[in-house]
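This is what each chain is made of:
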Amino acid sequence: MSSVLDLSRAGDSNNLAGSVKEIAVDPRLDGDRLVTAVRDSDGELKLIVWQISPSGAVTRLGDSRSQGGTASSISIARGRKYVTAVRDSGGNLKLVSWDISSTGTVTKRGDSGSQAGTASLIRIVAIPTSPDLFVTASQTAAKTLKLTTWRVAQDGSIMRLDDSRTADGGVSEIALLVDVRSRLVTAVRDSNGNLKLIAWQIDAVGAVSRLADSEDKAGGATLIRAVKDSAGNIVTSVRDNDGDLKLITWRIGTVSSGQVVVRDLNDSGDQAGAIRDNALVAHSDGVLSAVRDSDGDLKLIAWSTSPTIMRRSDSAGQAGEAALVNAVPSDGATDSVGRSVSTITAVRDSDGDLLLITWSPTCLRLHFKILTAPTESTSTMLAAMRQVYATVGISVQLASTEILNIPTLEDLDASDDEGGIAKTDEVKELFTNRNNVQDGEIVVYFVRTTTPPENGIAFGRVQGSEPGAVVTSNATRWTLGHEVGHLLLGPDHVRNTDHLMTGAGTGNITNPPPDLVAAEASTMQGNSLTRACGG
């Protein structure tokens, strides 16, 4: 099962796609296939079909060639057929239906012709309960919101059914989704520049009825995005008036309650900084923001949404410059060696090209080299470490265990002339024992004692080897996780004794299991010693 904390970069599409001016993405994978709809460098609509491997590898299967024509304001949805909604060369709303074969061949089947007028800010969704029914939301020539329903037949022909008639006020941004009760929800930037949610009923024949809206429960917003979380609530992510990312949860009530859209009291407050673009996807354990940060780089931010919105971690510096940010969740299906993909981001890279990046669960690989068995067993320490690291989305794998017979190093001299810790000749000799250890993997050496006396010591690179740690026989169950934490986070301690990285000694940890905070989680996710699982 995929998680918002699966934040290791696994693979990307490299140079398999060219320059793009717009990107839209089918909001869900079709098996292992993902379809992107782009406005290419010539200003034309192009559908590109991709295969996403559980390993994170991205393969281009096919595209629509020159079938799309001039287009902008591109959106895509999938019911019985794939359907794109675009602004054509005349400035009018046009829907196009497509068939996509199992090998990635893309064939245009029909379009809506002249059934709709001038439109921009176009969005389209498929109604899950009626796979041939689609709804578009767009800005009219008068800058007002209009919803239109469409029937897409098996042969690809498209019929306009109904629309929202009386325009619903001025809008300058539109996001569109279907809520848990099969009501449609639009999240818009209204004429006052504020975020507003509007609930609509779409019946089986496509009739459109406006139900209610959120009134003035939210303030100024741009870059509006919306998803439904696993609890059935709506989560919006926006850039607020200060330029910062803000998430807000909403409940969709019943008509009889007289208040269909209800703002929950939960929002993310000041937990996130400035953004320049954002996308939002839902997973079973929260929502994931994919943002263009203040430096212009792509960053993924994981959030829990219940009972409150809480930032849990982010992808740190694993991705470079990006714009036109889109994201799609995956089901996390694994291959025979345990690899899986949780999220795919589609962005325009620093060269202006379309780039797909796959994201996977994060793993840390350890090797135990035992000179003296500790009083608290290595299995107990490993279980305790796994318990804490799992809270920040990092799985700890024990790759090997080896018993070393080196009596001269069981009591390890690791002291400098002033009684501090140093990479002495004994430490260097110990760290040469790296049987079966690959680059990027951590070795933990279990000894009887150290000088100076410590429960454990974390070391940076020793004679060119990867960072490693020493754990002594009197260590506590939390020492292993603490010392490896130093390898990922650096030497600093904290004063809080509820915390894994406490400076008071792991034997004095209160309220176990100890905590890791979001800032630490982000640093750990971005460390080169953590990596995509599997393989």
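The coordinates are above.
One structure accompanies this document, and this report is about it.

Rules used throughout
Residues numbered from 1 in each chain as written. Predicted model: local features only at pLDDT ≥ 70, side-chain atom pairs only at ≥ 80, totals over all residues. Heavy atoms only, no water. Helix = DSSP H or I, 4+ residues; strand = E, 2+ residues; numbered from the N terminus. Contact = heavy atoms within 4.5 Å. Areas by Shrake-Rupley, 256 points an atom, 1.4 Å probe, with all protein chains shown as cover. Lys, Arg positive; Asp, Glu negative; His and termini not counted. Charge placed at Lys NZ, Arg CZ, Asp CG, Glu CD. Buried < 20%, exposed > 50% of the residue type's maximum accessible area, 1.4 Å probe, protein only. Polar contact = N/O pair within 3.5 Å; in protein donor to acceptor, adjacent residues only side chain to side chain. Core = buried A, V, L, I, M, F, W, Y, C linked by side-chain atoms within 4.5 Å.

### Brief notes about the overall build of the protein chain
Consideration 1: A count of helical and extended segments in the protein chain gives four helices and 36 strands.
Consideration 2: Contacts spanning at least 24 positions in sequence make up 57% of the contacts within the protein chain whose residues lie at least 6 apart.
Consideration 3: As displayed, the protein chain offers around 21,100 Å² of accessible surface, 43% of which is attributable to carbon and sulfur atoms.
Consideration 4: Distance between charge centres in the protein chain, computed from 51 positive and 64 negative side chains, equals 9 Å.

### What to know about the side chain of Ser-315
Consideration 1: On the secondary structure map, Ser-315 appears in the loop between strand E25 (310-314) and strand E26 (323-329).
Consideration 2: Residue Ser-315 is classed as buried on the basis of its relative accessible area of 0%.
Consideration 3: A distance of 2.9 Å separates a polar side-chain atom of Ser-315 from the backbone nitrogen of Leu-300.
Consideration 4: What Ser-315 contacts, discounting residues up to four positions off in sequence, is Leu-7, Lys-299, Leu-300, Trp-359 and Gly-526.

### Here's the deal with helix H3 (residues 479-489)
Consideration 1: For H3, a buried count of ten out of eleven residues is recorded, marking the element as mostly surrounded by other parts of the structure.
Consideration 2: Taken residue by residue, H3 has Thr-479, Leu-480, Gly-481, His-482, Glu-483, Val-484, Gly-485, His-486, Leu-487 and Leu-488 as its buried positions.
Consideration 3: On its buried side, H3 packs onto strand E29 (362-370), helix H1 (378-389), strand E32 (442-446), strand E34 (456-459), strand E35 (468-471) and helix H4 (518-526).
Consideration 4: Residue Gly-490 follows H3 closely and has a positive phi angle near 105°.

### So, H4
Consideration 1: For H4, the set of buried residues is Glu-520, Ala-521, Ser-522, Met-524 and Gln-525.
Consideration 2: The secondary structure elements touched by the buried residues of H4 are strand E1 (8-12), E25, E29, H1, strand E30 (394-403) and H3.

### Here's the deal with the nonpolar core
Consideration 1: Leu-364, Leu-366, Tyr-389 and Val-484 are the most contacted members of the largest nonpolar core, which totals 31 residues.
Consideration 2: When residues of this core are traced back to their parent elements, those giving at least two are E29, H1, E30, E32, E35, H3 and H4.
Consideration 3: If one sorts the elements of this core by residue count, H1 sits on top with six residues.
Consideration 4: Apart from the residues within four sequence positions on either side, Tyr-389 is in contact with Leu-364, Ile-394, Val-396, Gly-481, Val-484, Gly-485, Leu-488, Leu-500, Leu-516 and Met-524.
Consideration 5: Among the nonpolar cores identified, the runner-up in size contains 19 residues, and Ala-187, Ala-218, Ala-221 and Val-238 belong to it.

### Re unusual backbone geometry
Consideration 1: Along the chain, Thr-451 connects to Pro-452 via a cis peptide bond; the corresponding omega equals 0°.
Consideration 2: Along the chain, Pro-452 turns up in the loop between strand E33 (449-451) and E34.
Consideration 3: Here Pro-512 and Pro-513 are connected by a cis peptide whose omega angle stands at 0°.
Consideration 4: Position of Pro-513 among the secondary structure elements: in the loop between H3 and H4.
Consideration 5: A positive phi is found at Leu-324, a non-glycine position, where the angle reads about 50°.
Consideration 6: Here Leu-324 lies in strand E26.

Structural measurements only, silent on function.
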